[in-house]
Structures are given as structure tokens and as C-alpha cells.
Amino acid sequence: MKNIFITGSSRGLGLEFTRQYLEKGETVLASCRNPDSAKELQELKHKYPVTLQIFKLDVTKEDERNKIFKEVKMNVSNIDILINNAGIVSGDEKKSSVLGEIYKEDFGKVFLVNSMAPLLMSEKFLPLLEKSDNAKIANITSLTGSIAKRNVGGKYSYASSKAALNMITKILSNDLRDKGITTLAIHPGWIFTDMGGPNAPQQKEEPISMIIDLVERTEISDSGKFLDWQGNELPW
Ligand SMILES: NC(=O)c1ccc[n+]([C@@H]2O[C@H](COP(=O)([O-])OP(=O)(O)OC[C@H]3O[C@@H](n4cnc5c(N)ncnc54)[C@H](OP(=O)(O)O)[C@@H]3O)[C@@H](O)[C@H]2O)c1
């Protein structure tokens, strides 16, 4: 049985990762900003009272990262998979980060959640990842962060935050390879969630199941790769 830590488990892809890992019989340490209002996550807790543990975590808050690390360390001896899933499109819903609407506050928030928090989470949880025989870090990125594939304007903050996350993944893979930790940047596809919106062509069940299989079969030689949900390598 593996121990899986997931950020942003309240809804969307994070909730689906939680649900599917629980169905597989793994122990899931699910985190979200407001556990009390995360209704579907609480329903899962009724179904899996032992293997699901829920933690309150805003990934941008250092005191919360420190607190839950201590709590997690008391509950499990190691983390096998860290899924850095929490993400935002915008730091201000009223501003869309297109030319003429570029705001440093928006950039700051988006970079803090999408780029820096996965690095800070990985750094914080390193002692527990190092205790696993075959630890993996899956940073949920986006094709929007591919510089090579970017051929439209707009989405300055989101696209550049995911490009930064891709670089962070690559650097982390270099730092962690000798420790046997596989670090991946994974694009989940365009999926129907609050973020993906109603026009998204895919429901979440299949791509998340494919990502779970992908994370399972990747090896240390794959560390530092930018992959889509089907395992195809993407251009940086
Ligand atoms: N859906 C797509 O089409 C798509 C495509 C490419 C990449 N992605 C990536 O996939 C990931 C999940 O996206 P999604 O579609 O599931 O989005 P979503 O439905 O908007 O859910 C986002 C999740 O992130 C959490 N979150 C946001 N800020 C947080 C913070 N500071 N601390 C902790 N949790 C925070 C949210 O929690 P609250 O409930 O508290 O707000 C929510 O659980 C993101 O990284 C996204 O960039 C999605």
C-alpha cells in the first residue's frame, strides 16, 4: 500500500486523484484549503475512514506547510507519491492577464500557487519522500506552459507560471535523481472542471486513471520529462 499526498483535493482533478487512489487501496493524504466545505471529499472520508486522511493546507502558506508536515510525519513513515495539483488560472477573476490588463498582483499570486508552491512542497516533504523506495513527484502542469507550442497571445500569468513550473520540475529532477526520486511534469489534457470549463472535451475519470498508471510505470530514467496524460513527451 502506497502513501499518496495530494494538494487541491477539494474539487476537480485533485478530488478525482483522491477518489481513484482510494479505490486502488492506497492511503491518501488529501489536502485542501477548506476541508469543512469540501463536501465530496468529506463524503469520501465516510467511505474510506481509515485510508483517507484530510489536511487543511493553503499551499502558499508557510505556517500551514510546516504544520501539516509535522502532522503527516506523525501519521506515516514515508510518502511514495506527491501530487502537486493545486493551481489557479488567475489571481484576480476580473482581470484576464491579456495585454492592457497585466497586473503584478495577479502575476504574483499565480506564480506563488502554480510555480513556487510545488517547489516549496517538494522541499518540505523531501525527508518523507527520501524514506520511500521509489518516490515520485508529479507536478500537474499544462501544455499552455510549453514555449514551443505557444502560438496564441494572452494568458500571460498562467502560461508563464506553468513554463516556470516545467523548469522547476527539470531542475528538481537533477537535484533528486541521485536520491532515487522521479520528478515529472504532467499535462492532464483539457478536462471538464471549474478550471477547464464547459467546453473541455474530456471528463476527468479517464485521463486521471491514465496519469495514475503513468506515474506508476515511470522510472528514474524518466525523471525530468514533460509528459501528457497518455505518456507522450511534450516539447518544452
Ligand atoms: N482542467 C484542465 O483542463 C486543466 C488543463 C491543464 C492543466 N490543469 C491543471 O490541473 C490542476 C488542477 O486543475 P483543475 O482543473 O482541477 O482546477 P479547479 O477545478 O479549478 O481546482 C483547483 C484546485 O486547486 C485548489 N487551490 C487553488 N489555490 C490553492 C491554494 N493556494 N492552496 C491549496 N489549494 C488551492 C482549489 O482549492 P479551492 O477549492 O480551495 O479553491 C481546487 O481544489 C491545476 O494545476 C491546473 O493548472 C488543468
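See the structure shown above.
The notes below deal with the structure included here.

Rules behind the numbers
- Residues numbered from 1 in each chain as written.
- Predicted model: local features only at pLDDT ≥ 70, side-chain atom pairs only at ≥ 80, totals over all residues.
- Heavy atoms only, no water.
- Helix = DSSP H or I, 4+ residues; strand = E, 2+ residues; numbered from the N terminus.
- Near = heavy atom within 4 Å.
- Polar contact = N/O pair within 3.5 Å; in protein donor to acceptor, adjacent residues only side chain to side chain.
- Areas by Shrake-Rupley, 256 points an atom, 1.4 Å probe, with all protein chains shown as cover.
- Nonpolar A, V, L, I, M, F, W, Y, C, P; charged D, E, K, R; others polar.
- Patch = residues over 30% accessible without salt bridge, like charges linked within 9 Å, V, L, I, M, F, W, Y side chains within 5 Å.
- Salt bridge = Lys/Arg side-chain N within 4 Å of Asp/Glu carboxyl O.
- Pairing = 2+ DSSP bridges.
- Axes fitted to C-alpha atoms, helices over the stretch in contact; angles between N-to-C directions.
- Contact = heavy atoms within 4.5 Å.

### What to know about unusual backbone geometry
One non-glycine residue, Ser-97, adopts positive backbone phi at about 55°. Relative to the helices and strands, Ser-97 resides in the loop between strand E4 (81-84) and helix H4 (104-129). Non-glycine residue Lys-155 carries a positive phi angle of around 50°. Tracing the backbone shows Lys-155 in the loop between strand E5 (136-140) and helix H5 (156-176).

### Observations regarding the site of the ligand
Inspection of the region around the ligand gives 28 residues, with Ser-10, Arg-11, Arg-33, Tyr-158 and Thr-193 positioned closest. Separating a nitrogen atom of the ligand from a backbone N or O atom of Val-59 is a distance of 3.0 Å. In this structure, an oxygen atom belonging to the ligand sits 2.6 Å away from a side-chain N or O atom of Tyr-158. For the ligand, whose unbound accessible area comes to 910 Å², protein coverage reaches 93%. Residues that form the shell around the ligand fall into these classes: 12 nonpolar, 11 polar and five charged.

### A look at a nonpolar patch on the surface
A cluster of nonpolar side chains, contributed by Leu-99, Ile-102 and Tyr-156, occupies part of the molecular surface with about 310 Å² of accessible area. Mapped onto the elements of the fold, Ile-102 is located in the loop between E4 and H4.

### Focus on the sheet that holds strand E1 (residues 3-6)
In spatial order, the strands read E3-E2-E1-E4-E5-E6-E7; together these seven strands make up an open sheet with parallel pairing. Among the strands making up the open sheet, the edge pair consists of strand E3 (52-56) and strand E7 (226-228). Strand after strand, the sheet turns through a mean of 20° between neighbouring axes, direction not considered. The pairing of E1 with E4 spans three bridges and is parallel. Bridge pairing links Ile-4 to Ile-81 in E4. The sheet contacts of helix H1 (residues 12-23) involve E1, strand E2 (27-32), E3, E4 and E5, and relative to E1 the element is tilted by about 170°.

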